[in-house]
Amino acid sequence: MKRKWWMESFGYQIYIKSFYDTNGDGIGDLEGVYEKLDYLHELGVNLIWLVPFYKSPMDDNGYDVSDFYEVASEYGTLETFKKVLDKANKLNIKVIIDLILNHTSDEHYWFQESRKSLDNPYREYYIWQPPRIIEGKEYEPTNWSSFFGGSCWKKDEITGYYFMKIFSDKMPDLNWESEKVQQEMIKMAKWWLDMGISGFRIDAASHLSRAPFEDSNMTNDRYVPDFSKYSNLPMVHEYLKLLDDQVFSKYDIMTVGEVGGGASVESGLRYASKDYGQLDMVFNFDHNWCTKKVNGEEVTDVVRLKYVFRKWIYGFKGKGWNPLYWLNHDHPRVMSMYGDMDYFEKSAKMLANTLYFIKGTPFIYQGEEIGMTNYPFTKLEEFRDVSTINHIKFSLENNPGLTEEEAVKWHVGNSRDHARIPMQWNSSRNAGFTEGTPWINVHPNYKEINVENQMKDPNSIWNHYKNIINLKLNSKYREVLIYGDFEIVDYNNPHNFSYIRRLKDKAILVVNSFSNQNRRFMQSKIKGYEFDEIIFSNYEDSHISPKSIPLRPYEAVVLSLKLTK
Ligand code: NOJ
C-alpha cells in the first residue's frame, strides 16, 4: 500500500468539554486545548482529534449542531480555534475535527424553517412522514427505535408530521436524498479544510441512508432496536463517494468514519479499501465489549479480543488501513473494562502495549495515558449524558416497581459519562480541571491518579505511553512497527495476546499477559524465529529464559526476533 502521513501518526482524542477549563465556568474550552498542546507535544503525539466545537445547544454535547460555521460560545471563538491550529502546526501536530453529516440540532436554521410548513423550501432537508392511523389511533410512521431509547420519530405539532431522529429528540436527521443537503455539506467541509485542518472523523458515517419505512419484526418491543434499518445501506456509499470526489480527494487529508456496531469487515472495506473506498479508515466497535462471565464475575475474553483484531487487521491486509483505539467518548474506560485494579499500573501498561503495537493508526483517548477509570455513579442526577438519562427514564417508565437505584445499575456499565468526567491534571481542587464548578463530577481518585504525579515518576503509566509513542515513531524499529505485517501467535491461549510484526528480515514479538498469575510464553509458539533481545517491557527486569519468557501478572514484553529460516 502507498505510504501516507496518517499511517505514521499517533493520535489523541480530546473531548473538549472535559479537557481543561481556562475561564472558570466549569466547562473545558479551546483555550484549554491551546494551553495543553505543549503537554501533548511532550507526550509525543502528532495528531489530535477534536470533538465538535460548533455552535450548539449542547443536548448531545455538541454533536447537535446549530451552526456549522460558528464556534460554541462556551468553547471560545473561531479565532481561538485558529490559534489552536496554528500552534498545533508549529508543534507538528495535525488536527482533525468531527464532521457531522447525519443530523443537526433542532435549533439549526434549516430545521427551524423546515418545520414551518409542508412547502417550506427547507422541508426536504429533513426526513418527514405523516402519522400512521390504525383503527383511528395515531402511531409513529414505523416502530423503529432510536439509539438513545424510545422511538426514532418525533411528532412536530406545527404540521402534525413526524421527523426522524435516530439520536436525541433534539437531533433531527438530515435527508441525504436532497441535493441541497449534499451541496450544503460539501460547502461546509471545504470551508473547514481550507482553514488548514488535516481531516475529519466522520460522525455516524454509516447512517446516512434509510430502508423503506416499514415496521421491523426483529423483536416484539414497542420500539424495535433494528439498527439495520438505518445502518450501512448501499446509498451511504454514494453519498460518501460524492464527498470524496468533490472534497476529500482534493486535499492531503485523512478521513476516519465511525461505522460502529454491526459493520462487518466486508462493509468496512466498502467504506475504506484503498481501491474503491470513500474514506481512509473506519472505526468499528467490535473490540469494545469483549468480556464474559466466569463464576459470576465479568472478565476479559482474551480470545474474543484476538478474534476481533485478527478479523479486522487480516481482513484489511493489503487492502486498507485500520485505526486503533481502546475507547472514545462513548465508551467506558478501558481500565475498568479490561484492566485489573489490583495491578493497576502493570495492567494499564500491558493494555497499551497490546493495542499500540498492532498495525494501524493509534488514537489515545484523553486520560487513558494515566489509567483513568469509570466513575462510581449511583444516582440519576449525577449523569449528564442524554443517552444514559433517556435509557434510565425509559426503563423506569416501562418497568413498574423498578427503583431508580436499580435502573441506574442496569445502565451504569454502558454509560458514556465514564469517559466524560474531567481530565485529572493534578491533586488540587477539581483535579486541576477547573477553578469553578465542574459540569460533571470529578472522579474521587484524582489525588492518586493524575498527570502531574505521573509525569514526575519515570515508571508511571504516562511515561510508559510516552515510551511507546517514541518507540513507534522515532526508534530504529519505526518501520517494522508501523508498516510490518501483523500475525497473532498462540491464538487459542486465553491468558495472553501475542503477535509478531514483520517487515522483510526484521521481526518483533509483542507478548502481553492478561493474567494475574505467573505464566510463560514458549518459543515453540513462534515457528521460524528465535528470541533475540528485549526492547521494551512493563517490568524493569523482564527476561528471556532460553526457550520461554516467564510472565508475571500482566507482564508485557516487546522483543526482537531472529529469523531461523
Ligand atoms: C457518535 C458520537 O460519537 C456520539 O457521541 C454522538 O452522540 C452520536 N454519534 C450522534 O452524533
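Just so it is clear, the structure is predicted and the values come from calculations on it, not from any experiment. Numbering of residues begins from 1 in every chain and follows the order in which that chain's sequence is written. The predicted nature of this model means local features are confined to residues of pLDDT at least 70 and side-chain atom pairs, given and counted, to a pLDDT of 80 or more, with totals for whole chains, interfaces and linings taken over all residues. Heavy atoms throughout the structure, all of them, feed into the side-chain values; hydrogens and water do not.

### A short note on the overall build of the chain
Secondary structure follows DSSP: runs of H or I at least 4 residues long count as helices, runs of E at least 2 residues long count as strands, and numbering of each begins at the N terminus. The helix and strand inventory of the chain stands at 14 helices and 24 strands. In this setup the radius of gyration rests on C-alpha atoms only. A globule is expected at 2.2 Å times the number of residues raised to 0.38. Over its C-alpha trace the chain gives a radius of gyration of 24 Å, about what one expects of a compact globule, namely 24 Å for 565 residues. Whether a residue is buried, partly exposed or exposed follows from its accessible area with a 1.4 Å probe, protein chains only, as a fraction of its type maximum: under 20%, in between, or over 50%, in that order. Counting across all 565 residues of the chain, residues that qualify as buried make up 62%. Residues are treated as being in contact if the distance between any of their heavy atoms lies within 4.5 Å. Pairs at least 24 residues apart make up 69% of the contacts formed inside the chain by residues separated by at least 6 positions. Per element, the accessible surface of the chain, about 22,500 Å² overall, is 46% carbon and sulfur. For every accessible area listed, the method is Shrake-Rupley and the probe measures 1.4 Å; residues are considered covered only by the protein chains on display.

### Some words on the sheet that holds strand β20 (residues 506–512)
Taken in spatial order, the five strands make up an open sheet running β18-β19-β20-β24-β22, and their pairing is antiparallel. Here the strands that pair on one side only, and so sit at the sheet edges, are β18 (485–489) and β22 (529–537). The sheet shows a mean angle of 25 degrees between the axes of neighbouring strands, direction not considered. Whether two strands pair comes down to DSSP finding at least two bridges between them. Pairing analysis gives five bridges linking β18 to strand β19 (residues 498–503), with the strands arranged antiparallel. Following the sheet pairing, V489 is matched in β19 by S498. Only the stretch in contact is used when fitting a helix axis, every axis being a line fitted to C-alpha atoms; angles between N-to-C directions are given from 0 to 180 degrees.

### Some details on helix α10 (residues 386–398)
The terminal C-alpha atoms of α10 lie 18 Å apart, and with 13 residues this matches the ideal 18 Å at 1.5 Å per residue to within 8%. Close packing links the buried residues of α10 with α11 (404–412). N-capping of α10 is provided by D385, with a side-chain oxygen placed 3.0 Å from the backbone N of S387. A helix is expected to reach a length of 1.5 Å times the quantity of its residues less one. We define a polar contact as two N or O atoms separated by no more than 3.5 Å, with the added condition that, inside protein, one atom must be a possible hydrogen donor and the other a possible acceptor, whereas residues neighbouring each other in sequence contribute only through side-chain atom pairs.

### Brief notes about the pairing of strand β2 (residues 47–50)
Looking down a regular strand, the side chains alternate between one sheet face and the other. Side chains L47 and W49 of β2 all project onto a buried face; the interleaved residues I48 and L50 project onto the opposite face, where all are buried too. Across four bridges, strand β1 (residues 11–14) lies against β2 in parallel orientation. Residue pairing across strands places Y12 opposite I48, the latter belonging to β2. Handedness of a crossover: with both strands directed away from the viewer, a clockwise path from the first strand across the helix to the second marks it as right-handed. In this region the chain leaves β1, passes through helix α1 (residues 30–43) and returns to the parallel neighbour β2; the handedness of that crossover is right-handed.

### Quick notes on α1
For α1, which comprises 14 residues, the first-to-last C-alpha distance of 19 Å matches the rise-based estimate of 20 Å (1.5 Å per residue) to within 8%. Of all bends in α1, the biggest is about 40 degrees, found at K36. Within α1, the full set of buried residues consists of L30, G32, V33, K36, L37, Y39, L40 and L43. On its buried face, α1 is in contact with β1, β2, β4 (67–71), α2 (78–90), α12 (451–456) and α13 (461–474). Positive phi appears at G44, one or two residues downstream of α1, with a value of about 115 degrees. Consider a residue and the seven residues that end there alongside the seven that start there; fitting an axis to each set, the bend is the angle between those axes.

### Quick look at the sheet that holds strand β10 (residues 162–164)
Judged by pairing direction, the sheet is antiparallel, and its three strands sit side by side in the order β6-β10-β9 without closing on themselves. Two strands bound the open sheet, and with one partner strand each, they are β6 (128–129) and β9 (153–155). Where β6 lies against β10, two bridges are found, and the strand directions are antiparallel. Residue pairing across strands places W128 opposite F163, the latter belonging to β10.

### Some points on the site of the ligand
A molecule or strand has a residue near it when one of that residue's heavy atoms lies within 4 Å. Around the ligand, a shell composed of 13 residues is seen, among which D60, D203, H329, D330 and R416 lie nearest. At 2.4 Å from an oxygen atom of the ligand is found a side-chain nitrogen or oxygen belonging to D60. Protein burial of the ligand: of its 300 Å² of free accessible surface, 98% is covered by the chains. Throughout this entry, Asp, Glu, Lys and Arg are counted as charged residues, while Ala, Val, Leu, Ile, Met, Phe, Trp, Tyr, Cys and Pro are counted as nonpolar. The remaining residues, Gly among them, count as polar. Residue composition of the shell around the ligand, grouped by class: four nonpolar, two polar and seven charged.

### What to know about the pattern of salt bridges
When their charged atoms lie close together, side chains carrying opposite charge are able to pair. For this document, the term salt bridge refers to a Lys or Arg side-chain nitrogen within 4 Å of an Asp or Glu carboxyl oxygen. Inspection of every chain in the model, using the stated rule, returns 35 salt bridges. In this structure, the salt-bridge partner of E138 is K155, at a minimum N-O distance of 3.0 Å. A residue pair is termed long-range when its members are at least 10 positions apart, and E138 in strand β8 (residues 137–139) and K155 in strand β9 qualify at 17 residues. Residue E345 pairs with K349 through a salt bridge whose shortest N-O separation is 2.7 Å. Here E345 pairs with K349, and both are found in helix α9 (residues 344–356), just four residues apart, close to one helical turn. A relative accessible area of 29% places E345 in the partly exposed class.

### Things to note about the side chain of D286
Tracing the sequence through the fold places D286 in the loop between β13 (281–284) and β14 (291–294). Classification of D286 as buried rests on a relative accessible area of 18%. Reaching out from D286, the side chain makes a polar contact with the side chain of W312 at a distance of 2.9 Å. Those residues in contact with D286, other than ones at most four positions away along the chain, are A263, V308, K311 and W312.

### Notes on the packing of helix α6 (residues 265–272) against helix α7 (residues 302–316)
Direction vectors running N to C along α6 and α7 enclose 40 degrees, while the axes themselves pass 10 Å from each other. Considered as vectors, α6 and α7 are oriented oblique to each other. Crossing of α6 over α7 shows right-handed handedness. Taking contact as the criterion, the partners of V265, G268, L269 and A272 in α6 are, on α7, K311, W312, G315 and F316. Residues belonging to the contact of α6 with α7 are distributed by class as follows: five nonpolar, two polar and one charged. For classification, angles of less than 35 degrees are called roughly parallel, those exceeding 145 degrees roughly antiparallel, those between 65 and 115 degrees roughly perpendicular, and all remaining angles oblique. Each crossing gets its hand from how the near helix is turned against the far one by less than a right angle, where anticlockwise is left-handed and clockwise is right-handed.

### Some remarks on unusual backbone geometry
A positive phi is found at D490, a non-glycine position, where the angle reads about 55 degrees. With respect to the helices, strands and loops of the structure, D490 is situated in the loop between β18 and β19. Of note, the phi angle at K504 is positive, near 50 degrees, even though the residue is not glycine. Within the secondary structure, K504 sits in the loop between β19 and β20. Judged by relative accessible area, K504 falls into the exposed class, the value being 72%.

### Quick look at the packing of α1 against α2
Closest axis-to-axis distance for the α1/α2 pair is 9 Å, and the angle between their directions is 15 degrees. In terms of orientation, α1 and α2 fall into the roughly parallel class. Crossing angle aside, the handedness with which α1 passes α2 is left-handed. Within the contact between the two elements, α1 uses L30, E31, V33, Y34, E35, L37 and D38 and α2 uses T80, F81, K83, V84, K87 and A88. Split by residue class, the contact of α1 with α2 holds seven nonpolar, one polar and five charged.

### Section: the domain arrangement of the chain
These domain limits were set by an automatic method or by a database of domain assignments. Splitting the chain by domain gives domain 1 (5–107 + 174–467), domain 2 (109–164) and domain 3 (486–563). Each of domain 1 and domain 2 has a C-alpha centre, and these two points are 29 Å apart. Facing the 36 residues of domain 1 at the interface are 25 residues of domain 2. Of all residues in domain 1, F213, Y223 and Y230 give up the largest surface area on contact with domain 2, accounting jointly for 22% of the area buried on that side. Seen at the junction of domain 1 and domain 2, the total is three salt bridges. Taking the shortest distance from any N to any O, the salt bridge between K180 and E124 comes out at 3.6 Å. Inspection of the region where domain 1 meets domain 2 yields 17 residue pairs in polar contact (both at pLDDT 80 or more). Elements supplying a minimum of two residues to the side of domain 1 that touches domain 2: α4 (179–194) and α10. In terms of residue class, the side of domain 1 that touches domain 2 is made up of 14 nonpolar, ten polar and twelve charged. Once two parts are joined, some of their accessible surface, as seen by a 1.4 Å probe, is lost; buried area is that loss totalled over both.

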